[in-house]
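Here is how the chains run, residue by residue.
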Amino acid sequence: MAKINLGNFIIKKRKKLNLSSRQLALACDVTPPYMSDIEKNKRIPSFDLLTRLTKELKLEEQEIYQLFDLAVDDNKGKVSYDIAEYIMSNDELRQCIRFVIKNKDDVIWKKLLNEINQEGQL
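Here is what the cut-offs are and how they apply
- Residues numbered from 1 in each chain as written.
- Predicted model: local features only at pLDDT ≥ 70, side-chain atom pairs only at ≥ 80, totals over all residues.
- Heavy atoms only, no water.
- pLDDT = per-residue confidence, 0-100.
- Helix = DSSP H or I, 4+ residues; strand = E, 2+ residues; numbered from the N terminus.
- Phe/Tyr/Trp six-rings, centres within 6.5 Å; stacked < 30°, edge-to-face > 60°.
- Buried < 20%, exposed > 50% of the residue type's maximum accessible area, 1.4 Å probe, protein only.
- Salt bridge = Lys/Arg side-chain N within 4 Å of Asp/Glu carboxyl O.
- Contact = heavy atoms within 4.5 Å.
- Core = buried A, V, L, I, M, F, W, Y, C linked by side-chain atoms within 4.5 Å.

1. Examining the confidence of the model for the protein chain
Thought 1: Mean pLDDT for the protein chain: 87, with 93% of residues reaching 70 or above.
Thought 2: The least confident element of the protein chain is helix α8 (residues 107–118), whose mean pLDDT is 82; the most confident is helix α2 (residues 21–27), at 97.

2. What to know about the packing of aromatic side chains
Thought 1: Here the structure, examined in full by the defined rule, presents one aromatic pair.
Thought 2: Summarising the aromatic geometry, the rings of Phe47 and Phe68 are spaced 5.7 Å apart at their centres and angled 35° between planes, so their arrangement reads as tilted. Taken together, the positions of Phe47 in helix α4 (residues 47–56) and Phe68 in helix α5 (residues 61–73) put the pair 21 residues apart, joining distant regions of the chain.
Thought 3: Among the residues examined, Phe47 registers a relative accessible area of 24% and is labelled partly exposed.
Thought 4: Given the relative accessible area of 5%, Phe68 is considered buried.

3. Brief notes about the pattern of salt bridges
Thought 1: If you walk through the whole model with that rule in mind, you get four salt bridges.
Thought 2: Lys13 is paired through a salt bridge with Glu63; the nearest N and O atoms lie 2.5 Å apart. In this pair, Lys13 is assigned in helix α1 (residues 6–16) and Glu63 in helix α5, connecting sequence segments 50 residues apart.
Thought 3: On the basis of relative accessibility, which here comes to 11%, the residue Lys13 falls in the buried class.
Thought 4: Salt-bridge contacts for Asp37 lead to Arg43; the nearest nitrogen and oxygen are separated by 3.1 Å.
Thought 5: For Arg43, a relative accessible area of 39% translates into the label partly exposed.

4. Overview of the side chain of Arg14
Thought 1: Here Arg14 lies in helix α1.
Thought 2: If near-sequence neighbours (up to four positions away) are discounted, Arg14 is found in contact with Leu19, Ser20, Ser21, Leu24, Glu39 and Leu57.

5. Observations concerning unusual backbone geometry
Thought 1: At Asn18, a residue that is not glycine, the phi angle is positive and equals roughly 55°.
Thought 2: Here Asn18 is to be found in the loop between α1 and α2.

6. Observations regarding the nonpolar core
Thought 1: Within the largest apolar cluster, 18 residues are counted, with the highest numbers of intra-cluster contacts made by Leu6, Ile10, Leu24, Cys28, Met35, Leu53 and Leu67.
Thought 2: Taken together, the elements giving at least two residues each to this core come down to α1, α2, α3 (32–39), α4 and α5.
Thought 3: Tallying contributions element by element places α5 first for this core, with four residues.
Thought 4: Each residue touching Met35, except ones within four places of it in the same chain, is listed here: Ser21, Leu24, Ala25, Cys28, Val30 and Leu53.

And the structure:
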């Protein structure tokens, strides 16, 4: 089974809604050739365009996360736009991440995730 990529994901979701690539492009306020390049994995959409795609493709929460992750999947070393956007808007979170990186201490994250899991929030 072939690995799903961003272009295939978008094509699958728009076909499910019976949308042409052109219709999706116009709804997202981009040119049809630009959307075609995204679907062929020749371009990576901006955060704003990914956000418009989530609305036009009527994506569920997990599908939104998948879309953002696929947008950077082939660009190793990059972070999904939605995560980067949130991190950059939160000074305390950036400080925490840098502390963990500096101290190479993943135990902090594991404890936090365990607490969240115990509360049933994750």
